[in-house]
Amino acid sequence: MERTQLRRQVALTRQSLFDQGFLDEQFIQLEDLQDDANPNFVEEVVTLYYRDSARLITNIEKALEKNSLDFNKLDGFMHQFKGSSSSIGAKKVKAECTLFREYCRAGNGEGCTRTFQQIKKEYATLKRKLEAYFQVVRQAGPAETACWPK
């Protein structure tokens with residue numbers, strides 16, 4: 001694919017992530033930190049997010065499997081996960097985390113379990129979409145660092 005077409009595909013793919021509600025303005029702030037000295041900054045941050053958040057997901061899964069749910073512990077894990085998700089602009093994941101925390105405060109185990117399934121779905125969907133986006137960014141080359149139109 002020609003470089004101009006790749007750049008156009010990068011722009012369209014990126015815009016679709018915002019239009020579909022997967023990302024918010026925090027992602028733009030990450031992009032603003034990317035420069036020639038750190039051309040892969042955003043991808044590196046997102047990669048770290050997925051690596052580190054896997055541990056939190058495992059902790060939440062284990063906590064939800066217990067007969068007696070510790071809603072304070074669950075809320076604490078979700079608070080961390082929501083913060084991490086917010087830091088990369090994962091809008092849909094963050095919204096589901098908020099709902100999960102509301103269920104924790106209400107002591108609603110069924111709501112927590114149901115919402116957690118949705119969180120994992122949104123998390124996996126965003127991961128696939130971001131992997132595809134970063135693949136096209138790499139193909140387009142260093143001249144196409146993601147930046148928000150002024």
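This structure is a prediction, so every number in the text was calculated from the model and none was measured.

Undergrad: Would you take a moment to explain the overall build of the chain for this structure?
TA: Within the chain, the regular secondary structure consists of six helices and zero strands. When the helices and strands of the chain are listed from N to C terminus, the series reads α-α-α-α-α-α. Each of the three principal axes of the chain carries a C-alpha extent, and together these read 55 × 25 × 25 Å. By sequence separation, contacts in the chain at least 24 residues apart represent 69% of the contacts at least 6 residues apart. Here the chain has roughly 8500 Å² of accessible surface; of this, 49% comes from carbon and sulfur atoms.

Undergrad: What's the story with the pattern of salt bridges in this structure? I'm lost.
TA: When the charged atoms of two side chains with opposite charge come close together, those side chains can pair. Taken as a whole and judged by the stated rule, the model has seven salt bridges. Residue Asp-24 is joined to Lys-94 by a salt bridge in which the shortest nitrogen-to-oxygen separation is 3.2 Å. Of this pair, Asp-24 sits in the loop between helix 1 (3–19) and helix 2 (25–33) while Lys-94 sits in helix 5 (residues 91–106), placing them 70 residues apart in sequence. In this structure, the salt-bridge partner of Asp-52 is Arg-51, at a minimum N-O distance of 3.5 Å. A residue is classified by how much of its surface remains accessible, and Asp-52, at 40% relative accessible area, is partly exposed.

Undergrad: Looking at this structure, how should I read the packing of aromatic side chains?
TA: How two aromatic rings sit relative to each other is given by the distance of their centres and the angle of their planes. With the rule as written, the count across this model stands at nine aromatic pairs. Measuring from centroid to centroid gives 6.2 Å for Phe-18 and Phe-27, while their planes differ by 65°, and the two rings are edge-to-face. Within the aromatic cluster, the residues linked to one another by ring pairs are Phe-18, Phe-27, Tyr-133 and Phe-134. The residue whose ring lies beneath Lys-92 is Phe-22, and the NZ or CZ to ring-centre distance is 4.2 Å.

Undergrad: I keep staring at the nonpolar core and nothing clicks. Help me out?
TA: One broad trend across soluble globular proteins is that nonpolar side chains are buried collectively. Membership of the largest hydrophobic core comes to 41 residues, with the highest contact counts inside it found for Phe-27, Phe-81, Phe-100 and Leu-130. Broken down by secondary-structure element, the contributors of at least two residues to this core are helix 1, helix 2, helix 3 (41–65), helix 4 (71–88), helix 5 and helix 6 (109–140). Considering every element that reaches this core, the biggest residue donor is helix 6, with eleven residues. Not counting residues within four places of it along the chain, the set of residues in contact with Phe-81 comprises Tyr-49, Ser-53, Leu-56, Ile-57, Val-93, Cys-97, Ile-119 and Tyr-123.

Undergrad: I'm lost on the UniProt feature "domain: HPt" (unreviewed entry) in the chain in this one. Help?
TA: UniProt annotation of "domain: HPt" (unreviewed entry) refers to residues 38–133 when read in the numbering used here. Taken end to end, residues 38–133 comprises 88% helix and 0% strand; its first and last C-alpha atoms sit 18 Å apart.

Undergrad: Just checking my understanding: could you explain the environment of Gln-118 for this structure?
TA: Positionally, Gln-118 belongs in helix 6. For Gln-118, a relative accessible area of 25% translates into the label partly exposed. Sequence separation between Gln-118 and Gln-20 is 98 residues; the distance between their C-alpha atoms is 16 Å.

Undergrad: Which parts of the structure should I look at to understand the side chain of Glu-96?
TA: Inspection of the secondary structure puts Glu-96 in helix 5. Here Glu-96 is buried and forms no salt bridge, its nearest opposite-charge partner Arg-114 lying at an N-O distance of 8.4 Å. When sequence neighbours within four positions are dropped, the list of residues in contact with Glu-96 reads Thr-115, Gln-118, Ile-119 and Glu-122.

Undergrad: Can you help me understand the packing of helix 5 against helix 6 in this one?
TA: Running from N to C, helix 5 and helix 6 cross one another at 170°; their axes reach a closest spacing of 9 Å. With respect to their mutual orientation, helix 5 and helix 6 come out roughly antiparallel. Judged by residue contacts, Lys-92, Val-93, Glu-96, Cys-97, Leu-99, Phe-100, Tyr-103 and Cys-104 of helix 5 engage Gly-111, Cys-112, Arg-114, Thr-115, Phe-116, Gln-118, Ile-119, Glu-122 and Tyr-123 from helix 6. A per-class count over the contact of helix 5 with helix 6 returns ten nonpolar, three polar and four charged.

The rules we used
- Residues numbered from 1 in each chain as written.
- Predicted model: local features only at pLDDT ≥ 70, side-chain atom pairs only at ≥ 80, totals over all residues.
- Heavy atoms only, no water.
- Helix = DSSP H or I, 4+ residues; strand = E, 2+ residues; numbered from the N terminus.
- Contact = heavy atoms within 4.5 Å.
- Areas by Shrake-Rupley, 256 points an atom, 1.4 Å probe, with all protein chains shown as cover.
- Salt bridge = Lys/Arg side-chain N within 4 Å of Asp/Glu carboxyl O.
- Buried < 20%, exposed > 50% of the residue type's maximum accessible area, 1.4 Å probe, protein only.
- Phe/Tyr/Trp six-rings, centres within 6.5 Å; stacked < 30°, edge-to-face > 60°.
- Lys NZ or Arg CZ within 6 Å of the ring centre and 35° of its normal.
- Core = buried A, V, L, I, M, F, W, Y, C linked by side-chain atoms within 4.5 Å.
- UniProt positions renumbered as here; feature names shortened; annotations may be inferred.
- Lys, Arg positive; Asp, Glu negative; His and termini not counted.
- Axes fitted to C-alpha atoms, helices over the stretch in contact; angles between N-to-C directions.
- Parallel < 35°, antiparallel > 145°, perpendicular 65-115°, else oblique.
- Nonpolar A, V, L, I, M, F, W, Y, C, P; charged D, E, K, R; others polar.

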